[in-house]
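Analysis of the macromolecular model
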Amino acid sequence: QVRMVESGGGVVQAGGSLRLSCEASERTFSLDAMAWFRQAPGKGRGFIARISWNAANTVYADSVKGRFTISRDNAKNTVYLQMNGLKHEDTAVYYCAQDRGSAYLPTSRDAYSYWGQGTRVTVSS
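I will try to describe carefully the structure that is included in this document. (Residues numbered from 1 in each chain as written. Predicted model: local features only at pLDDT ≥ 70, side-chain atom pairs only at ≥ 80, totals over all residues. Heavy atoms only, no water.)

Considerations on the pairing of strand β3 (residues 18-24)
Worth spelling out the cut-off: Between buried and exposed lies partly exposed: a residue is buried under 20% and exposed over 50% of the maximum accessible area for its type, with that area taken using a 1.4 Å probe on protein chains only. Secondary structure elements follow DSSP: runs of H or I of four or more residues count as helices, runs of E of two or more count as strands, with numbering from the N terminus. Only strands joined by at least two bridges in the DSSP assignment are considered to pair.
When you tally the buried positions in β3, you get five out of seven residues, the bulk of the element. Here strand β1 (residues 4-7) pairs with β3 via four bridges, running antiparallel. Across the sheet, the residue bridging to Met-4 is Ala-24, located in β3.

Pasting the structure below:
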């Protein structure tokens, strides 16, 4: 059974930083693109960032571009999300996701086969 475990969430003041981690058990991790999504209270789950299997390509939502950085360590089966300059509107549950290969747009939830359980980030203003 595939397991993906996020960590690093918490409460932080506006302007602060957090680093999220997601460790995956899937043996094909090093071959798959990975992404982060988030779901704010009362809203749907939206795309944040994506990284290719070899970290050569990254894509970000406009709302986080220049503040968040996605990275990965294939030797540790782990993907990271460094979040700087946090704003109140970044408050959400953050999910990592693994793309086993699909025809869907990379920013679509449908492109991802495996999901973590989520880690909560709260930014106090």
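Side note on the pattern of salt bridges
What counts, and what does not: Salt bridge, as used here: a side-chain nitrogen of Lys or Arg that lies within 4 Å of a carboxyl oxygen of Asp or Glu.
With the rule as written, the count across this model stands at five salt bridges. For Arg-50, the salt bridge identified is with Asp-99, shortest N-O distance 3.1 Å. Of this pair, Arg-50 sits in strand β5 (residues 45-51) while Asp-99 sits in strand β9 (residues 92-99); the two residues are 49 residues apart in sequence, bridging distant segments of the chain.

Here we look at the packing of aromatic side chains
What counts, and what does not: Each aromatic pair joins two rings of Phe, Tyr and Trp (for Trp, the six-membered one) with centres within 6.5 Å, and gets the label stacked for planes under 30 degrees apart, edge-to-face for over 60, and tilted for any other angle.
Under the counting rule described, the total for this entry stands at four aromatic pairs. With 5.7 Å between their ring centres and 80 degrees between their planes, Phe-37 and Phe-47 make a pair best called edge-to-face. In this pair, Phe-37 is assigned in strand β4 (residues 33-39) and Phe-47 in strand β5, connecting sequence segments 10 residues apart. The pair Phe-37 / Phe-47 is uniform in exposure class, with both members buried.

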